Amino acid sequence: MTLDRPVAPDPYELLPTVPAFTLTSNDVQNGEPMPAEFAHPSVGGANRSPQLAWTGFPAETRSFVVTCYDPDAPTGSGFWHWVLVNVPADVTELPQGAGGASSAGTEGAFSVRNDYGEQAYGGAAPPAGDRPHRYVFAVHALDVEKLDLTPEASPAYVGFNLAFHTLARAVIRPTYQVKG
């Protein structure tokens, strides 16, 4: 089953332009299908977050926010898979599986509730038979040490705060599809 609808825009094309830096992963590649281990258990995955590393961010960076968003979810609002807030500026890598803990093992950081209702990474789970979905992993370099938020904040509210504090952004967009 393919849900007939237009392709949603990349979420960062709709926001003010900021400089880019580099995001890499040993586990997922830009524009390439993700291995099943990074998918949700509901589609046979292991629900593990991929390894992520970033370089080239502005020298004045004081913290990071790491996000994963599916703009292709048939919801009208996409689907937030992970929002990790207040990652210290000296952290430039998250190991595979770090998203299983609300803090991703990083002191001072916390995950807000994703669209599965969990304060952690939630793997890819597009509808069976739908076209490949893009999973937009982004690291946002911020001009503040901490966003004044709690783990009860919504992903949209985190995004609102990011609009005012993002110095630069690094993005990779792997895909995932469940054959019908």
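Residues numbered from 1 in each chain as written. Predicted model: local features only at pLDDT ≥ 70, side-chain atom pairs only at ≥ 80, totals over all residues. Heavy atoms only, no water.

When its secondary structure is counted, the chain shows one helix and ten strands. Along its sequence from the N terminus, the chain presents helices and strands in the succession β-β-β-β-β-β-β-β-α-β-β. Relative to its length of 180 residues, the chain is compact, with a C-alpha radius of gyration of 15 Å against a globular reference of 16 Å. Evaluated residue by residue, the chain yields a buried proportion of 49% over its 180 residues. Counting only contacts in the chain whose residues sit at least 6 apart along the sequence, the fraction spanning at least 24 positions is 74%. Of note, the chain has its 10 positive side-chain charges centred 4 Å away from the centre of its 19 negative side-chain charges. (Helix = DSSP H or I, 4+ residues; strand = E, 2+ residues; numbered from the N terminus. Rg over C-alpha atoms; globule rule 2.2 N^0.38 Å. Buried < 20%, exposed > 50% of the residue type's maximum accessible area, 1.4 Å probe, protein only. Contact = heavy atoms within 4.5 Å. Lys, Arg positive; Asp, Glu negative; His and termini not counted. Charge placed at Lys NZ, Arg CZ, Asp CG, Glu CD.)

For aspartate 130, the location among the structural elements is in the loop between β6 (110-111) and β7 (133-134). What makes aspartate 130 buried here is its relative accessible area of 1%. Polar side-chain contacts of aspartate 130 include one of 2.7 Å to the side chain of histidine 133. (Polar contact = N/O pair within 3.5 Å; in protein donor to acceptor, adjacent residues only side chain to side chain.)

Now for the pattern of salt bridges. Note that side chains of opposite charge can pair when their charged atoms are close. Summed over the entire model, instances satisfying the criterion amount to four salt bridges. With a closest N to O distance of 2.4 Å, arginine 173 and aspartate 10 form a salt bridge. Here arginine 173 is found in the loop between β9 (166-172) and β10 (175-176), whereas its partner aspartate 10 is found in the segment before β1 (22-24), with 163 residues between them in sequence. The closest approach of N and O atoms between aspartate 72 and arginine 134, which form a salt bridge, is 2.6 Å. Of this pair, aspartate 72 sits in the loop between β3 (63-70) and β4 (79-88) while arginine 134 sits in strand β7, and the two are 62 residues apart along the sequence. (Salt bridge = Lys/Arg side-chain N within 4 Å of Asp/Glu carboxyl O.)

With respect to the helices, strands and loops of the structure, glycine 76 is situated in the loop between β3 and β4. Glycine 76 sits 68 residues away from alanine 8 along the chain, and the two C-alpha atoms are 9.0 Å apart.

The next point concerns helix α1 (residues 155-165). All of the buried residues along α1 are Pro155, Val158, Asn161 and Leu162. Seen along its axis, α1 keeps its buried residues to an arc of 120°; they face one direction. The exposed residues of α1 that point more than 90 degrees off its buried face are Ala156 and Phe164. (Arc of directions from axis to C-beta.)

As a rule of thumb, non-glycine residues mostly have phi less than zero, and peptide bonds are mostly trans rather than cis. Despite not being glycine, asparagine 86 has its phi angle at roughly 65°, a positive value. Note that asparagine 86 resides in strand β4.

A full pass over the atoms with the stated rule returns nine aromatic pairs. Between phenylalanine 79 and tyrosine 116, the ring centres sit 4.9 Å apart and the planes meet at 65°, which makes this aromatic pair edge-to-face. Of the two residues, phenylalanine 79 is situated in strand β4 and tyrosine 116 in the loop between β6 and β7; the sequence distance between them amounts to 37 residues. You can call phenylalanine 79 buried: its relative accessible area is 18%. Owing to a relative accessible area of 27%, tyrosine 116 belongs among the partly exposed residues under this scheme. A centroid spacing of 6.3 Å and a plane angle of 10° characterise the contact between tyrosine 157 and phenylalanine 160, whose relative ring orientation is stacked. (Phe/Tyr/Trp six-rings, centres within 6.5 Å; stacked < 30°, edge-to-face > 60°.)

Keep in mind that these numbers describe shape and distance, not what the molecule does.
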